[in-house]
Amino acid sequence: MVPIVKQVVKVRMLPTEVEAAALEATLRACNAAASWLSAAMRADKVRCKHDVQKRFYVELKQRFGLSAQPAIRMIGKVAEAYASLRANIAAGNHGPPGSEGRNKVSAKPIEFRGDAAQPFDARYLSWQIPDTVGGREATVSF
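Nothing here was measured: the structure is a model prediction, and the numbers come from that model.

A. How the structure looks around a nonpolar patch on the surface. On the surface, Val 9, Val 11 and Met 13 cluster together into a nonpolar patch covering about 250 Å² of accessible area. Within the secondary structure, Val 9 sits in the segment before α1 (17-44). According to the relative accessible area criterion, Val 9 is exposed, its value standing at 53%.

B. The arrangement of the pattern of salt bridges in detail. On inspection of all chains with the given rule, the structure shows five salt bridges. Here Glu 24 and Arg 28 are joined by a salt bridge, their closest N and O atoms 3.1 Å apart. Of this pair, Glu 24 and Arg 28 both sit in helix α1, separated by four residues, roughly a single helical turn. Residue classification places Glu 24 among the partly exposed residues on the basis of a relative accessible area of 43%. Here Arg 55 ties to Glu 59 by a salt bridge, and the two come within 3.8 Å at their closest N and O atoms. Separated by four residues within a single helix, Arg 55 and Glu 59 lie in helix α2 (residues 49-64), roughly one turn from each other. A relative accessible area of 43% places Arg 55 in the partly exposed class.

C. Representation of the packing of aromatic side chains in the model. Taken as a whole and assessed by the stated rule, the structure comprises two aromatic pairs. Plain terms: the ring middles of Trp 36 and Phe 56 are 5.9 Å apart, the flat faces sit at 90 degrees to each other, and that makes the pair edge-to-face. Of the two residues, Trp 36 sits in helix α1 while Phe 56 sits in helix α2, which places them 20 residues apart along the sequence. For the residue pair Trp 36 and Phe 56, the accessibility class agrees, reading buried in each case. For the ring pair Trp 36 and Phe 64, a centre distance of 5.9 Å and an interplane angle of 55 degrees mean the geometry is tilted. Taken as a pair, Trp 36 in helix α1 and Phe 64 in helix α2 lie far apart in primary sequence, 28 residues in all. The rings of Trp 36, Phe 56 and Phe 64 are connected pair by pair, giving a single aromatic cluster.

D. Highlighting the side chain of Asn 31. Relative to the helices and strands, Asn 31 resides in helix α1. Polar side-chain contacts of Asn 31 include one of 3.1 Å to the backbone oxygen of Gly 114. When residues no more than four places from it in sequence are discounted, the contact partners of Asn 31 are Lys 77, Phe 112, Arg 113, Gly 114, Asp 115, Ala 116 and Ala 117.

E. Molecular detail of the nonpolar core. Core analysis: the biggest nonpolar cluster contains 21 residues, and Leu 37, Met 41, Val 52, Phe 56, Leu 60 and Val 78 have the highest contact counts within it. Mapped onto this core, the elements with two or more residues apiece are α1, α2 and α3 (68-90). Once you skip the residues sitting within four places of it in the chain, Val 78 turns out to touch Ala 34, Leu 37, Ser 38, Met 41 and Phe 112.

F. Molecular detail of the packing of α1 against α2. Where α1 meets α2, the axes come as close as 11 Å, and the angle between the chain directions of the two elements is 140 degrees. As summarised for this structure, α1 and α2 are arranged oblique, according to the angle between their axes. α1 and α2 meet at a crossing whose hand is right-handed. Residues Ala 29, Ala 32, Ala 33, Trp 36, Leu 37, Ala 40, Met 41 and Asp 44 of α1 form the contact with α2, whose participating residues are Val 52, Arg 55, Phe 56, Glu 59, Leu 60, Arg 63 and Phe 64.

What counts and how
- Counting starts from 1 at the beginning of each chain's written sequence and moves along it residue by residue.
- Where totals are concerned, whole chains, interfaces and linings use all residues; where local detail is concerned, this predicted model gives features only for residues with pLDDT of at least 70, and gives and counts side-chain atom pairs only at 80 or more.
- Side-chain metrics rest on all non-hydrogen atoms present in the structure, leaving aside hydrogens and water.
- Residues form patches when they are more than 30% accessible in relative terms and have no salt bridge. Like charges link within 9 Å. Nonpolar side chains (Val, Leu, Ile, Met, Phe, Trp, Tyr) link within 5 Å.
- Surface accessibility in these figures is a Shrake-Rupley result with a 1.4 Å probe; residues are shielded only by whichever protein chains are displayed.
- Each reported salt bridge corresponds to a side-chain nitrogen of Lys or Arg within 4 Å of a carboxyl oxygen of Asp or Glu.
- Numbering of helices and strands runs from the N terminus, with a helix taken as a DSSP run of H or I at least four residues long and a strand as a DSSP run of E at least two residues long.
- Type-normalised accessible area, obtained with a 1.4 Å probe on protein chains alone, sets the label of each residue: buried when under 20%, exposed when over 50%, and partly exposed for intermediate values.
- Put simply, two rings from Phe, Tyr or Trp (the six-membered ring, in Trp's case) pair if the centres are within 6.5 Å, and we call them stacked under 30 degrees between planes, edge-to-face over 60, tilted for the rest.
- Polar contacts, as counted here, are pairs of nitrogen or oxygen atoms within 3.5 Å of one another; within protein the pair requires one atom able to donate a hydrogen and one able to accept it, and residues that are adjacent in sequence qualify only if both atoms are side-chain atoms.
- Every residue pair with non-hydrogen atoms within 4.5 Å of one another is taken to be in contact.
- For the purposes of this section, nonpolar cores are sets of buried Ala, Val, Leu, Ile, Met, Phe, Trp, Tyr and Cys residues that join through side-chain atoms within 4.5 Å.
- In this analysis an axis means a line fitted to C-alpha atoms, helices contributing only their contacting stretch, and an angle means the value between N-to-C directions, from 0 to 180 degrees.
- Working rule for angles: under 35 degrees goes down as roughly parallel, over 145 as roughly antiparallel, 65 to 115 as roughly perpendicular, anything else as oblique.
- Each helix crossing is assigned a hand: it is left-handed if the near helix lies turned anticlockwise from the far helix by less than a right angle, otherwise right-handed if that turn is clockwise.

Rendered as structure tokens:
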């Protein structure tokens, strides 16, 4: 069996104004979806990523116009944020039980800024590399 090697490449994006606007709109939609999902998870007391996906995947896609990969990554992002919060609370990083800090973070759903980072991977992008460039530059479409 031949081993599969993935190569991680740092890419500098130089979008046109239209592409930059589309990227920003996508980022804001993803973070609005994350905040909505966070509140819905808290309201329904759903924690497990698999259960969140079963319960909210279709609604998340329809409500925010997300395609499959961003919706799945959004579910993972929010589930991981809650797992991290639970671990920090359990470790006492927000104070002892009953403290003001601990009560504050426990009392409301996690919110995501509109410009917060969004995980991307190869499945989000299509690479269109012209033959004349020799692979040094790439046009990326979203």
